[in-house]
Amino acid sequence: MIYQETRRLVRPGAMLFLSFFIAACGGGGGGDDPAITGVQPGVVAAVTTTPVVAPVTERPIQDVALNFVSVVSPVVEAVTLVSVDETSCGLNGAQGIRGELLQAVNAVRAAGAVCGSNVYRATHDLNWNNMLQKSATGHSRDMAHSQVFSHVSSNGDTLLQRVQATGYDLRAAGENIAAGQGSVKEVIASWLNSPGHCKNMLEPSYQDIGVACIRNEGSPYGFYWTMNLGRR
């Protein structure tokens, strides 16, 4: 199922265009779509074993016209205590996912890709941004503990509000979310296989990126990923 919603947001000095693409994968169980309304008890088994992803993009309307792109516990080895990055779902130990993920995304951008019916040529690398990572971390944590898989936070905040709250002075922003993938390789593959997410990762106007994964073993999906992209 693909759910698409288009909105225009007006703020002083700029007109922003907001496009949601929410994709839900999995089957069986019945009930409401968990990607839109949150996880329902009847579909826990199905959605837990089938990762789901959903992108959202916010950018000035003129860009759209031109581009048609709308804790884990510390790990103990012998007697050495190794700190684990809780924004990386405990993956890669103290090293976390930042290096692996940035390398993977920039490799995709360097090669170019076909996203649905659109061909994206090779483009420049993205730079890691701590403010975008902060907004991504907050949203992944919220999804992991509220058990609602959505671009809207449990308190009603949108991508625009979350990014602006970190101090990132954005001109454009995009977001991919995913749940259930247990590695950087798996989540990148999931996003590449979906046109909306793929477009966000290949979009040449973006300059910065921040990604977080928050793990909650007691939740339906376990791993909750948020990728925030931006341009200032």
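All values derive from a computational prediction rather than experimental measurement.

> Mind showing me how you'd approach the overall build of the protein here?
Along the protein, the regular secondary structure elements total eight helices and 11 strands. Here the protein holds 232 residues, and the buried ones make up 50% of them. By element, 53% of the accessible surface of the protein is carried by carbon and sulfur atoms, the whole surface being about 10500 Å².

> Could you clarify how one ought to interpret the pattern of salt bridges in this entry?
Here the idea is simple: oppositely charged side chains can pair when their charged atoms come close. Applying the stated criterion across every chain, the model contains four salt bridges. The closest approach of N and O atoms between Glu175 and Arg162, which form a salt bridge, is 2.9 Å. Of this pair, Glu175 sits in strand S9 (residues 172-179) while Arg162 sits in helix H6 (residues 159-165); the two residues are 13 residues apart in sequence, bridging distant segments of the chain. In this structure, Glu175 and Arg162 share a single accessibility class: buried. Ionic pairing is found between Asp208 and Arg232, a salt bridge with its closest N-O pair at 3.7 Å. Residue Asp208 is located in strand S10 (residues 208-215), and its partner Arg232 is located in the segment after strand S11 (223-231); the two are separated by 24 residues in the primary sequence. Look at Asp208 and you get buried, because its relative accessible area is 7%.

> Help me understand the pairing of S9, please; the structure alone is not making it clear to me.
Every other side chain in a regular strand lies on the same face of the sheet, so the side chains alternate between the two faces. Counting buried positions over the eight residues of S9 gives eight, a clear majority of the element. In S9, alternate side chains face the same way, and those of Ala172, Gly174, Asn176 and Ala178 on one face and Ala173, Glu175, Ile177 and Ala179 on the other are all buried. Pairing of S9 with S11 involves eight bridges; the strand directions are antiparallel. By the bridge assignment for S11, Ala178 is matched with Trp225.

> Looking at this structure, I do not really get the packing of helix H4 (residues 98-111) against helix H7 (residues 184-192). What am I missing?
A pair of packed helices can be characterised by two numbers: the angle between their axes and the separation between those axes. Two elements in contact, H4 and H7, have axes whose closest approach is 10 Å; the angle formed by their N-to-C orientations is 30 degrees. When the interaxial angle is binned, H4 and H7 end up roughly parallel. Crossing handedness for the pair H4 and H7: right-handed. Facing H4, whose interface residues are Glu100, Leu101, Ala104, Val105 and Val108, H7 presents Val184, Lys185, Ile188 and Leu192. In terms of residue class, the contact of H4 with H7 is built from seven nonpolar, no polar and two charged.

> Is there a simple way to think about the environment of Ser153 in this case?
Structurally, the position occupied by Ser153 is in the loop between helix H5 (130-146) and H6. Exposure remark for Ser153: the relative accessible area of 9% places this residue in the buried category. Sequence separation between Ser153 and Met143 is 10 residues; the distance between their C-alpha atoms is 7.5 Å. Filtering out sequence-adjacent residues up to four positions away, Ser153 remains in contact with His139, Asp142 and Arg162. A polar contact is formed between the side chain of Ser153 and the side chain of Arg162, at a distance of 3.0 Å.

> Which parts of the structure should I look at to understand the nonpolar core?
Judged by nonpolar contacts, the single largest core of 30 residues is most densely connected at Leu101, Trp191, Ile209, Trp225 and Met227. Those elements that place two or more of their residues in this core are H4, strand S6 (113-115), S9, H7, helix H8 (195-202), S10 and S11. Ala144, Phe149, Ile177 and Ile214 belong to the second-largest nonpolar core, a separate cluster that totals nine residues.

Conventions used here
- Residues numbered from 1 in each chain as written.
- Predicted model: local features only at pLDDT ≥ 70, side-chain atom pairs only at ≥ 80, totals over all residues.
- Heavy atoms only, no water.
- Helix = DSSP H or I, 4+ residues; strand = E, 2+ residues; numbered from the N terminus.
- Buried < 20%, exposed > 50% of the residue type's maximum accessible area, 1.4 Å probe, protein only.
- Areas by Shrake-Rupley, 256 points an atom, 1.4 Å probe, with all protein chains shown as cover.
- Salt bridge = Lys/Arg side-chain N within 4 Å of Asp/Glu carboxyl O.
- Pairing = 2+ DSSP bridges.
- Axes fitted to C-alpha atoms, helices over the stretch in contact; angles between N-to-C directions.
- Parallel < 35°, antiparallel > 145°, perpendicular 65-115°, else oblique.
- Left-handed = near helix turned anticlockwise from the far one by under 90°.
- Contact = heavy atoms within 4.5 Å.
- Nonpolar A, V, L, I, M, F, W, Y, C, P; charged D, E, K, R; others polar.
- Polar contact = N/O pair within 3.5 Å; in protein donor to acceptor, adjacent residues only side chain to side chain.
- Core = buried A, V, L, I, M, F, W, Y, C linked by side-chain atoms within 4.5 Å.

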